[in-house]
Amino acid sequence: MTPDNPLKAAYDHATRFITDVAQRHVGSRVERAELFNSLGGPLPAGAMDPAEVINHLAIAANPGIVSTIGPRYFGFVTGGAVPVTVAADWLVSSWDQNACLYVTSPAASVMEDIVSGWIVELLGLPATAGVGFVTGCHMANFTCLAAARHEVLHRAGWNVETQGLQRAPRVRVLAGGEVHVSAVGALRYLGFGSDELELVPVDGQGRMKAEALRAQLGDGGGPIIVCAQAGNVSTGASDPIAEIVEMAHARGAWVHVDGAFGLWAAAVPELRPLVRGIETADSWATDAHKWLNVPYDSGLAIVADTAPLRAAMGMKASYLQRGDDEERIGMDWAPESSRRARVVPLYALLRALGRDGIANLVRGNCALARRIAARLSAEPGVTILNEVVLNQVLVRFRNDELTKDVIARIQAEGTCWAGGAFWQGQQAMRIAVSNWSTTEADIDRSADAMLACYRAAAATAAS
Ligand SMILES: *Cc1c(COP(=O)(O)O)cnc(C)c1O
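The shown structure was predicted, so the numbers you read here are calculated from the model rather than taken from an experiment. (Residues numbered from 1 in each chain as written. Predicted model: local features only at pLDDT ≥ 70, side-chain atom pairs only at ≥ 80, totals over all residues. Heavy atoms only, no water.)

> Quick question: what am I supposed to make of the sheet that holds strand E7 (residues 299–303) here?
Neighbouring strands of a sheet are bound in pairs by backbone hydrogen bonds; such pairs are parallel or else antiparallel. On the basis of which strands lie adjacent, the open sheet formed by seven strands has the order E1-E7-E6-E5-E4-E2-E3 and mixed pairing. Across the chains shown, the open sheet's two edge strands, defined by having one partner strand only, are strand E1 (130–134) and strand E3 (198–200). Across the sheet, the mean angle separating the axes of adjacent strands is 20 degrees when strand polarity is ignored. (Pairing = 2+ DSSP bridges. Helix = DSSP H or I, 4+ residues; strand = E, 2+ residues; numbered from the N terminus. Axes fitted to C-alpha atoms, helices over the stretch in contact; angles between N-to-C directions.)

Below, the structure is given as structure tokens:
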């Protein structure tokens, strides 16, 4: 047995999966019990050949693997994984660096600095801004909002890191009525209960109404955090960021933007007006593992002024060796100590695609979203509920019941996959186009399959 045997086995299985993914049934129809049968059994008492472990694992897990990296998966906002980023991810595991300190991985530390600069430039954010590399946008929301909490309380003469929250001045938190659940979760971890959130009414696309925010802000004093959103999970619409920041800053508030996928509009010149004023906010949470198509475990917590973020996250201990101040200490930027060198796949993507390649990825997906919306809405009884401004399409097939039936049929049929959502009182099907490998032919094939499911469902309902 040589140490590279399991690696060769994994290489073979992984490359075969990636090569064949477009031909698979997009969903998974495996029974849970079947997976327990193939993967489970008693705790092994002794050894198994490592290559055998990989072979067994790849074959046994296969029916339970969803083809989310394929070109016709439109569920949630998933993205895929550009092959160069998968390859880079293999290196991350091979090196098994701990990106918590500079001394534990100078390469990871320096790549975090480099990618931080590239991302800030790509998104057109202030040159002072810096990036913390976290697991996903949920934790990016948490990290940014921890910085916000630090700063608004600091301005009120309170150090929340040492004095805690229990006797602190009250912090008001305002967010649009369509605030993403992960921002609410992040606020909860930070001591702000969901009932304490002051929700601001939204319009038919889910955008915060700026004038309603102005009225709710009022003119009293005290610490305030405003959570805005770039890219609603259902419609893709963004809050009026410029107006929000202007009125919030006039009140001394911190403005955080949850832009898990929508923030990338800022990297495309003709889409940037959708997030006008984005560069004036104080913090931005986004994902690389969604629209940038790097493997999971890639969220970005971006702050215009990095001091509050490091004040909120940083920790010191005598054995955690620090060098000079120039050296990035990864754990000062994220709510973790030991952490993988998750910056590496994103570094590889930025090298492989460059600024133009990333803009093309985003704009190409938006064009495909408009294409599938046009194909579907040409059918009598099919309505597109949102303005397709980005990569999200909300489809309704006549009524709630039929829409649910069509979604179930599409998921079972397997050409493509889309999920459901309830949008402002109506059942809808959500299509998110966010994969680098999706082509016009994939869109047309998917639209045909969806319409065939719709016709079959409508015929059943009528009979
Ligand atoms: C997906 C999403 C999140 C959460 O991101 P994760 O990467 O799943 O942690 C937050 N906000 C919005 C708008 C999202 O779409």
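> I'm lost on the environment of Ala348 in this one. Help?
In this fold, Ala348 is placed in helix H12 (residues 343–377). Taking the relative accessible area as the measure of exposure, Ala348 reaches 13% and is therefore buried. Sequence separation between Ala348 and Ala87 is 261 residues; the distance between their C-alpha atoms is 8.9 Å. (Buried < 20%, exposed > 50% of the residue type's maximum accessible area, 1.4 Å probe, protein only.)

> When you look at unusual backbone geometry in this model, what are you seeing that I'm missing?
Phi is mostly negative for residues that are not glycine, and the peptide bonds are mostly trans. Look at Asp96: it is not a glycine, yet its phi comes out positive at around 45 degrees. Along the chain, the position of Asp96 falls in the loop between helix H4 (83–95) and helix H5 (106–122). Its identity as a non-glycine residue notwithstanding, Asp297 has a phi of 85 degrees, on the positive side. As for its position among the elements, Asp297 is in the loop between strand E6 (283–287) and E7. Take Asp297: its relative accessible area is 19%, and that puts it in the buried class.

> What should I look at first to understand the nonpolar core in this one?
Across soluble globular proteins, you tend to see nonpolar side chains buried next to one another. In terms of nonpolar packing, the biggest core is built from 76 residues, with Ile119, Val226, Ile278, Trp284, Ile302 and Leu346 touching the most fellow members. In terms of residues, this core owes the most to one element, H12, which gives 11 residues. Each residue touching Leu346, except ones within four places of it in the same chain, is listed here: Val115, Ile119, Phe133, Ala288, Leu292, Val294, Ser298 and Leu300. (Core = buried A, V, L, I, M, F, W, Y, C linked by side-chain atoms within 4.5 Å. Contact = heavy atoms within 4.5 Å.)

> What is the right way to look at the site of the ligand in this model?
Close to the ligand lie 13 residues, the nearest being His138, Asp258, Asp287, His289 and Lys290. The side chain of Lys290 places a nitrogen or oxygen atom 2.9 Å from an oxygen atom of the ligand. In the complex, the protein chains occlude 84% of the 380 Å² of accessible area that the ligand would expose alone. Along the lines of polarity and charge, the residues of the shell around the ligand split into four nonpolar, six polar and three charged. (Near = heavy atom within 4 Å. Polar contact = N/O pair within 3.5 Å; in protein donor to acceptor, adjacent residues only side chain to side chain. Areas by Shrake-Rupley, 256 points an atom, 1.4 Å probe, with all protein chains shown as cover. Nonpolar A, V, L, I, M, F, W, Y, C, P; charged D, E, K, R; others polar.)

> Teacher, can you tell me more about the side chain of Thr78 here?
Topologically, Thr78 is positioned in the loop between helix H3 (50–61) and H4. At a separation of 2.7 Å, a polar atom in the side chain of Thr78 contacts the main-chain carbonyl oxygen of Gly75. Beyond its immediate chain neighbours, meaning those up to four positions away, Thr78 contacts Thr68, Tyr73, His289, Lys290, Tyr296 and Ser434.

> So what exactly am I meant to see when it comes to the packing of aromatic side chains here?
For any pair of aromatic rings, geometry is given as the distance between the ring centres together with the angle between the planes. Taken as a whole, this structure holds seven aromatic pairs when the rule is applied. Their ring planes at 15 degrees and their centres at 5.3 Å tell us that Tyr73 and Trp417 sit as a pair that is stacked. Of the two residues, Tyr73 is situated in the loop between H3 and H4 and Trp417 in the loop between helix H13 (400–413) and strand E10 (419–423); the sequence distance between them amounts to 344 residues. The two residues Tyr73 and Trp417 agree in class, both being buried. Taken together, a centroid distance of 5.9 Å and an interplanar angle of 25 degrees make the contact between Phe76 and Trp417 stacked. Taken as a pair, Phe76 in the loop between H3 and H4 and Trp417 in the loop between H13 and E10 lie far apart in primary sequence, 341 residues in all. For Trp417, a relative accessible area of 15% translates into the label buried. Three or more aromatic residues link up through ring pairs in this structure, and these residues are Tyr73, Phe76 and Trp417. Taking the ring centre of Trp333 as reference, the NZ or CZ of Arg328 above it sits at 4.1 Å. (Phe/Tyr/Trp six-rings, centres within 6.5 Å; stacked < 30°, edge-to-face > 60°. Lys NZ or Arg CZ within 6 Å of the ring centre and 35° of its normal.)

> Quick question: what am I supposed to make of the environment of Glu326 here?
Structurally, the position occupied by Glu326 is in the loop between helix H11 (306–313) and H12. Between the C-alpha atoms of Glu326 and Ala265, which are 61 residues apart in sequence, the distance is 32 Å.

> Explain the pattern of salt bridges to me, please; I cannot follow it from the model alone.
Counting across every chain of the model gives 27 salt bridges. Between Arg170 and Glu198 there is a salt bridge, with its nearest N and O atoms 3.7 Å apart. On the criterion of sequence distance, the pair formed by Arg170 in the loop between helix H7 (160–163) and strand E2 (172–176) and Glu198 in strand E3 is long-range, its members being 28 residues apart. Residue classification places Glu198 among the buried residues on the basis of a relative accessible area of 18%. Linking Arg172 and Glu198 is a salt bridge whose minimum nitrogen-to-oxygen distance equals 2.6 Å. Pair noted here: Arg172 is in strand E2 and Glu198 is in strand E3, with a separation of 26 residues, a long-range link. With respect to class, Arg172 is no different from Glu198; both count as buried. (Salt bridge = Lys/Arg side-chain N within 4 Å of Asp/Glu carboxyl O.)

> Whenever I open this one, helix H9 (residues 210–217) confuses me. Can you help?
Along H9, the residues that are buried comprise Ala210, Ala212, Leu213 and Leu217. Down the axis of H9, the smallest arc covering the buried residues is 155 degrees, so these residues share one side. Turned more than 90 degrees from where H9 packs its buried face, Glu211 and Ala215 sit exposed. Immediately downstream of H9, the backbone of Gly218 shows phi near 60 degrees, a positive value. (Arc of directions from axis to C-beta.)

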